[in-house]
Amino acid sequence: MRDEELVNENPEEEQEEEKKKRSPLSYAIEGLVYVALVIFCVYVVPNYIIQRTVVSGNSMQDTLQNGESLLINKLTYQFNDPQRYDIIVFYPHGKDKGDEYYVKRIYGLPGETIQIKDQNIYINGTVIDDPYATDAMDKPGLAEKPYTLKDDEYFVLGDHRSVSLDSRTLPEEDPGGPGPVKRENIAGKVILRIWPLDVFGVPE
């Protein structure tokens, strides 16, 4: 005996029947799922997982250019510690003092002693590699003398040293100076440059 495929000649009628079988509760659950998805995409993702930001200024040239759009991973440092040379976004004056962000590169880690001398960066008395600087660092600022970072502090620098307000400058010296950055004020790690498209990719 040969099996035969059954074809419904009135699919619209079948759909109507299916709708009649569904209870009001099923529609309510479906609506709640859609609302939850919208809340997740609009609120949870940008606040706790991935956020887009735009570079303003020239302090990270030539790695990042003014006007470029970046994606920040806000979750990664919940599970891993920031590492040397990571590009981070942080609140320069604390989370409770506005939503202004800075983007810089980490050089000094908690507990390390950092000093800048003769254009060189010393960590615990040893010169480290500095392949990202695009110009001379004439002003060592806070790190002119050895400075030991606290257990929750990071020392950050901009790649374009002559124009960067970074950990070398304390707020009392310049209102824009962040000084050493506390772990709690790090918003996340830069993971992707999404605009312009000709430079799309992971910045290093």
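Description of the structure in this document. Quick caveat: nothing in here was measured; it's all calculated off a predicted structure.

The next thing to look at is the pattern of salt bridges. As enumerated under the stated definition, the model contains eight salt bridges in all. The closest approach of N and O atoms between Arg161 and Asp130, which form a salt bridge, is 3.0 Å. In this pair, Arg161 is assigned in the loop between strand E9 (153-157) and strand E10 (181-182) and Asp130 in the loop between strand E7 (126-127) and strand E8 (147-148), connecting sequence segments 31 residues apart.

Next up on the list: the sheet that holds E9. Pairing within the open sheet is antiparallel, and its seven strands lie in the order E1-E2-E11-E3-E4-E9-E10. The open sheet has two edge strands with one neighbour each: strand E1 (50-54) and E10.

As paired elements, strand E5 (residues 113-117) and E8 share two bridges and run antiparallel to each other. Within the sheet, the bridge partner assigned to Thr113 lies in E8 and is Thr148. By the bridge criterion, four bridges tie E5 to strand E6 (residues 120-123) in an arrangement that is antiparallel. The residue bridging Ile114 from the neighbouring strand is Ile123, located in E6. As consecutive antiparallel partners, E5 and E6 are separated by two residues, and within that stretch Asp118 has a phi angle of approximately 55°, a positive value.

What counts as what
Residues numbered from 1 in each chain as written. Predicted model: local features only at pLDDT ≥ 70, side-chain atom pairs only at ≥ 80, totals over all residues. Heavy atoms only, no water. Salt bridge = Lys/Arg side-chain N within 4 Å of Asp/Glu carboxyl O. Helix = DSSP H or I, 4+ residues; strand = E, 2+ residues; numbered from the N terminus. Pairing = 2+ DSSP bridges.

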